[in-house]
Amino acid sequence: MMVRGLAKRGFEESLGRYVLPSLCMGCAACVTVCPAECLKYVDERPILSGECISCGICSSVCPRYGSPAREMEKAFFGRERITGEEFGIYRRVVVARTKNDDIRRVCQDGGVVTSLLLYAFEEGIIDGAIVSDRDEESPLKAYPKLAESAEEIIRSAGTRYTYSPNILLLKDAVAQGKRSIGFVGTPCQIQAIRKIQAIHLRKYGEIVNFTIGIFCGGCFSYNGLVNELIRKKMGIDPKDVEKVNIKGELIVKILNKGTKTISLKEAKKYLSGCVSNCMDFSAELADISAGGLGLEGWTLTILRSEKGEDLFDEAVSKGLLETKSVSKDSNLWRLLVRISRRKRRGFV
Ligand SMILES: Cc1cc2nc3c(=O)[nH]c(=O)nc-3n(C[C@H](O)[C@H](O)[C@H](O)COP(=O)(O)OP(=O)(O)OC[C@H]3O[C@@H](n4cnc5c(N)ncnc54)[C@H](O)[C@@H]3O)c2cc1C
């Protein structure tokens, strides 16, 4: 996979000047790959903390700097999208759900993401998965996790709607000698992984066996979601929250007390700024993309690459997932197209 190279510029002349002021979403790809280790991740942003050697690697992997989306797409899939591929290149679109009760109890939608990771781990296809886990103290806070057992993979299921810089853990995975990992991330994180692979940063790029991108209508800041929206606006003690989901509105399931909802229009006021700079709703560069899209207990699954399709089909043939097809004239398909178009135009 090759994309156009960028001029070698130091962090301050590239990302510091053009991305940090308003485009950075805090994916941490630059911090992870910096060979001089002169970047630190502080308050969800990279900061220069040592001597920059102006190698240009940080800007080469940044999803907000250089390399237009179409060029990346061509580099990864070997072709550009054709008319009608509104949500990116794909081989098949299906709706699926897990048959594993342990996953069903904790997953966000149909548990497809966790089922595929678990299958790949148990078959020895991967020796770890980079996911996002919940903090024991503040369960709504997402933080990156290198899951190294079936229990850890299952524990990481479910969505935290705050930002989780999963790419940071590529470094841990390399340090621990992992050879093959499954990577789960938001569309911006999948873009960064593809850039890492495109510039042949083998140390990090080659250990990623497959990527599962999750649809993203935007992330909340932790304070915005937990203190401003859930505590103040909805009057719920965050400690009592069992699950947050978005299905046409934001739904908060409260322990033993039913649910409370708030309109998406209201909830979106608390989104972090990253969403206004992102044009990718459905993780268009992932091997497999997954989202809930208003479905109850099912995951809309886009099989994009041959590798992603094979992995999914193997899991289905082993009886781990049940599936339903999605026709192009269904409301679900139309919704996916509509949201993808809106996000490309800068709306959420
Ligand atoms: C910030 C955010 C916004 C989203 N917005 C939408 C949306 O607008 N529309 C839509 O249809 N779907 C959206 N999703 C995706 C949806 O919530 C589910 O992740 C998806 O449907 C897969 O469901 P599942 O049951 O198959 O996944 P599960 O089996 O429950 O697995 C979920 C996976 O996502 C990982 N994960 C959880 N939180 C994060 C995080 N913050 N960052 C990175 N990885 C994480 C988990 O570790 C786990 O591996 C969003 C997800 C996130 C994280």
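For clarity, every value in this text was computed on a predicted model and none was experimentally measured.

Peer 1: Explain the overall build of the protein chain to me, using residue names and the numbers behind them.
Peer 2: Helices and strands together make up the secondary structure of the protein chain, namely 14 helices and 13 strands. Against the globule reference of 20 Å for 348 residues, the protein chain gives a C-alpha radius of gyration of 19 Å, in line with a compact fold. Projected onto its principal axes, the C-alpha positions of the protein chain cover 55 × 45 × 40 Å. Put simply, the protein chain has 348 residues, and 54% of those count as buried. In the protein chain, 67% of the contacts between residues at least 6 apart in sequence involve partners at least 24 apart. If you sum the accessible surface of the protein chain, you get close to 15,800 Å²; carbon and sulfur atoms cover 49% of it. Charged side chains of the protein chain number 53 positive and 43 negative; the gap between the two group centres comes to 6 Å.

Peer 1: An account of the packing of aromatic side chains is requested, with residue identities and associated values reported.
Peer 2: Under the counting rule described, the total for this entry stands at 6 aromatic pairs. Look at Phe-87 and Tyr-90: their rings are 5.1 Å apart centre to centre, the planes differ by 25 degrees, and that puts the pair in the stacked class. Taken as a pair, Phe-87 and Tyr-90 share a single burial class, namely buried. Relative to Trp-333, the ring of Tyr-90 has its centre 5.7 Å away and its plane inclined at 75 degrees; by these criteria the two rings are edge-to-face. Here the residue Tyr-90 occupies a position in the loop between helix H4 (69-77) and strand S3 (92-98), and Trp-333 occupies one in helix H14 (residues 331-344), the gap between them amounting to 243 residues.

Peer 1: Could you give an account of the domain arrangement of the protein chain, naming the residues involved and the relevant values?
Peer 2: Split by domain assignment, the protein chain resolves into domain 1 (12-70), domain 2 (89-216 + 276-344) and domain 3 (222-270). Look at where the C-alpha atoms of domain 2 and domain 3 centre, and you get two points 24 Å apart. Interface area, domain 2 with domain 3, both sides summed: about 1,000 Å², of which 61% is carbon and sulfur. Inspection of the region where domain 2 meets domain 3 yields 1 salt bridge. Where Lys-247 meets Asp-109, a salt bridge forms, and the shortest distance between an N and an O atom there is 2.7 Å. Our count for the domain 2 to domain 3 interface comes out at 8 residue pairs in polar contact (both at pLDDT 80 or more). Grouping the amino acids of the side of domain 2 that touches domain 3 by side-chain chemistry returns 5 nonpolar, 5 polar and 3 charged.

Peer 1: Kindly report on empty space enclosed by the protein, identifying the contributing residues and their values.
Peer 2: Inspection of the entire model under this criterion finds 3 cavities of 30 Å³ or more. Estimated volume of the largest cavity: approximately 100 Å³. Forming the walls of the largest cavity are 13 residues, and the residues nearest its centre are Leu-15, Cys-24, Cys-30, Pro-46 and Cys-62. Looking at the lining of the largest cavity, the elements that each hand over two or more residues are helix H1 (12-19) and helix H2 (29-33). For the lining of the largest cavity, a count of residues per class yields 12 nonpolar, 1 polar and no charged.

About the cut-offs
Residues numbered from 1 in each chain as written. Predicted model: local features only at pLDDT ≥ 70, side-chain atom pairs only at ≥ 80, totals over all residues. Heavy atoms only, no water. Helix = DSSP H or I, 4+ residues; strand = E, 2+ residues; numbered from the N terminus. Rg over C-alpha atoms; globule rule 2.2 N^0.38 Å. Buried < 20%, exposed > 50% of the residue type's maximum accessible area, 1.4 Å probe, protein only. Contact = heavy atoms within 4.5 Å. Areas by Shrake-Rupley, 256 points an atom, 1.4 Å probe, with all protein chains shown as cover. Lys, Arg positive; Asp, Glu negative; His and termini not counted. Charge placed at Lys NZ, Arg CZ, Asp CG, Glu CD. Phe/Tyr/Trp six-rings, centres within 6.5 Å; stacked < 30°, edge-to-face > 60°. Domains from an automatic or database assignment. Buried area = accessible area lost by both parts, 1.4 Å probe. Salt bridge = Lys/Arg side-chain N within 4 Å of Asp/Glu carboxyl O. Polar contact = N/O pair within 3.5 Å; in protein donor to acceptor, adjacent residues only side chain to side chain. Nonpolar A, V, L, I, M, F, W, Y, C, P; charged D, E, K, R; others polar. 1 Å grid on protein atoms, 1.4 Å probe; cavity = no way out; pocket = protein on both sides within 12 Å on 5 of 7 lines; lining within 4 Å. Points joined across faces, edges and corners; volume = space filled by probe spheres on them.

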